[in-house]
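Geometric and topological summary
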Amino acid sequence: MFFIQVFIGERVMSLKIELKALSETDDKDIYEMIHEIGLGENGFTTNFPEHDFDQFKASLPRLVEISAGINLPEGYVPQTIYWMYIDDYPVAYGKLRHRLNERLAEYGGHIGYIVRPSERGKGYGKLFLSELLKKAKDLGIEKLLLTCDEVNIKSRKVIESNSGTLEGINKGICKYWIQNPSSQNSN
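Residues numbered from 1 in each chain as written. Predicted model: local features only at pLDDT ≥ 70, side-chain atom pairs only at ≥ 80, totals over all residues. Heavy atoms only, no water.

1. Thoughts on the overall build of the protein
Looking only at helices and strands, one finds five helices and ten strands in the protein. Relative to its full complement of 187 residues, the protein shows a buried share of 44%. At a minimum sequence separation of 6, the contacts of the protein that also span at least 24 residues come to 58%. For the protein, the accessible surface area stands at approximately 10100 Å², while carbon and sulfur atoms represent 49% of it. (Helix = DSSP H or I, 4+ residues; strand = E, 2+ residues; numbered from the N terminus. Buried < 20%, exposed > 50% of the residue type's maximum accessible area, 1.4 Å probe, protein only. Contact = heavy atoms within 4.5 Å. Areas by Shrake-Rupley, 256 points an atom, 1.4 Å probe, with all protein chains shown as cover.)

2. Quick notes on the sheet that holds strand β8 (residues 143-149)
The three strands lie next to each other as β8-β10-β9, forming an open sheet whose pairing is antiparallel. Only two strands of the sheet have a single neighbouring strand rather than two, namely β8 and β9 (165-170). Here the average twist between neighbouring strands, direction ignored, is 20 degrees. Bridge analysis of β8 against strand β10 (residues 173-179) gives seven bridges, and the strand direction is antiparallel. Within β10, the residue paired with T147 across the bridge is K175. (Pairing = 2+ DSSP bridges. Axes fitted to C-alpha atoms, helices over the stretch in contact; angles between N-to-C directions.)

3. Here we look at the nonpolar core
Ranked by size, the top nonpolar core spans 28 residues in total, and within it M84, I111, Y113 and L129 carry the most contacts. Per element, the largest residue contribution to this core is seven residues, and it comes from helix α4 (residues 124-138). When neighbours within four sequence positions are excluded, I111 is seen to be in contact with K95, L96, R97, L129, L132, L133, L144, L145 and L146. Among the nonpolar cores identified, the runner-up in size contains 17 residues, and I30, I34, L63 and I81 belong to it. (Core = buried A, V, L, I, M, F, W, Y, C linked by side-chain atoms within 4.5 Å.)

Scope: geometric values only; no functional claims are made or implied.
Shown next as structure tokens:
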């Protein structure tokens, strides 16, 4: 948890920022965000039943297992889901894949994220990606792949603002690499 100061007109406000890993105790506030996001968009898909709270709660233990690499189906990699809270209100959802497989190396990459529609345009995507890069560093991931649709200009700008370097565009999919900022000085 940390605080940032933002200027709104002439006033300075402090915002409490917190990233939390998915847990079995996640509750209605997260479910409501998932419901607002729906099935996803621009290549990001959700892992949750979004129309039934009980099914949502029932899905959490399995996703905790996936994060720990327990009983992974063939072709899956460990993936931790994070929620970003602003002033104790969930505004975004992200997936941090602990490593790449052949499929993720083509589309998906290490990180995927989405900001709930009612909270877009506030700079939360840029902030969330920056914080997910720190979580990746904690896992020992020095260089990260991110992909997005070529037409998703907002995502491209978020990735580029976090030092993403475009490797290329293939069939409408942009591949970006980010050298983890916290590891750049250690090389």
